[in-house]
Amino acid sequence: MVGLVIVSHSEKVAQGVKELASQMASGLPIAAAGGTSDGRLGTDMGKILNAINEVYSQDGVLIIFDLGSAYMNAEMALEFLEEDMRNNVEIIDTAIVEGAITAAVESSIGKTMSEIKEAVKNMSLGKMP
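As the structure is a prediction and not an experimental result, all values here were calculated from the model. (Residues numbered from 1 in each chain as written. Predicted model: local features only at pLDDT ≥ 70, side-chain atom pairs only at ≥ 80, totals over all residues. Heavy atoms only, no water.)

A. The arrangement of the sheet that holds strand 3 (residues 61-65) in detail. Spatial ordering of the open sheet is given by 2-1-3-4, a layout of four strands whose pairing is parallel. Edge positions in the sheet fall to strand 2 (30-34) and strand 4 (89-92), since each has one partner strand and no second. For this sheet the average axis-to-axis angle between neighbouring strands, irrespective of direction, equals 20°. Inspection of the sheet shows strand 3 paired to strand 4 by four bridges, in the parallel sense. Bridge pairing in strand 4 places Ile-64 opposite Ile-92. Where helix 3 (residues 68-79) meets the sheet, it contacts strand 1 (3-8), strand 3 and strand 4, and its direction lies at approximately 170° from that of strand 4. (Pairing = 2+ DSSP bridges. Helix = DSSP H or I, 4+ residues; strand = E, 2+ residues; numbered from the N terminus. Axes fitted to C-alpha atoms, helices over the stretch in contact; angles between N-to-C directions. Contact = heavy atoms within 4.5 Å.)

B. Expanded view of the environment of Lys-18. Inspection of the secondary structure assignment puts Lys-18 in helix 1 (residues 11-24). For the pair formed by Lys-18 and Leu-62, sequence separation is 44 residues and the distance between their alpha carbons is 13 Å. Leave out the neighbours within four places in its chain, and Lys-18 touches Ile-6, Ile-30, Ala-31 and Ala-32.

C. Spotlight on the packing of helix 2 (residues 45-55) against helix 3. One way to put it is that helix 2 packs onto helix 3 with a least axis distance of 8 Å and a crossing angle of 60°. Taken as axis vectors, helix 2 and helix 3 run oblique relative to one another. Handedness of the helix 2/helix 3 crossing: right-handed. Between helix 2 and helix 3, the residues in contact are Met-45, Ile-48, Leu-49 and Ile-52 and Ala-70, Asn-73, Ala-74, Met-76, Ala-77 and Leu-78, respectively. When its residues are assigned to classes, the contact of helix 2 with helix 3 shows nine nonpolar, one polar and no charged. (Parallel < 35°, antiparallel > 145°, perpendicular 65-115°, else oblique. Left-handed = near helix turned anticlockwise from the far one by under 90°. Nonpolar A, V, L, I, M, F, W, Y, C, P; charged D, E, K, R; others polar.)

Rendered as structure tokens:
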């Protein structure tokens, strides 16, 4: 299954989105990387990197984020991965809650990364399957 990493400036938001997505797709590898390492609001490249490693498989990992600087820190985390691993991790721009739920459900039924990304894109455009 494709793993998910939820990146938010708030640890509580990241954990909440993880909890909600996990309810929709039980057993899916999902990691939350919210807040900074010292408990403040913000994002932390190290937490993101750890989250990627936690859920990584050959099926890949999708990263869903809340705001622009979370995207930048996710990009920096990718730079610290081995090239073969980095090629299996992608950041997608979508609404954090809806995107995470859509990605979780699609992954839980065995969809590939490209199929999941297409489903998330369609969800963002308001297209139903």
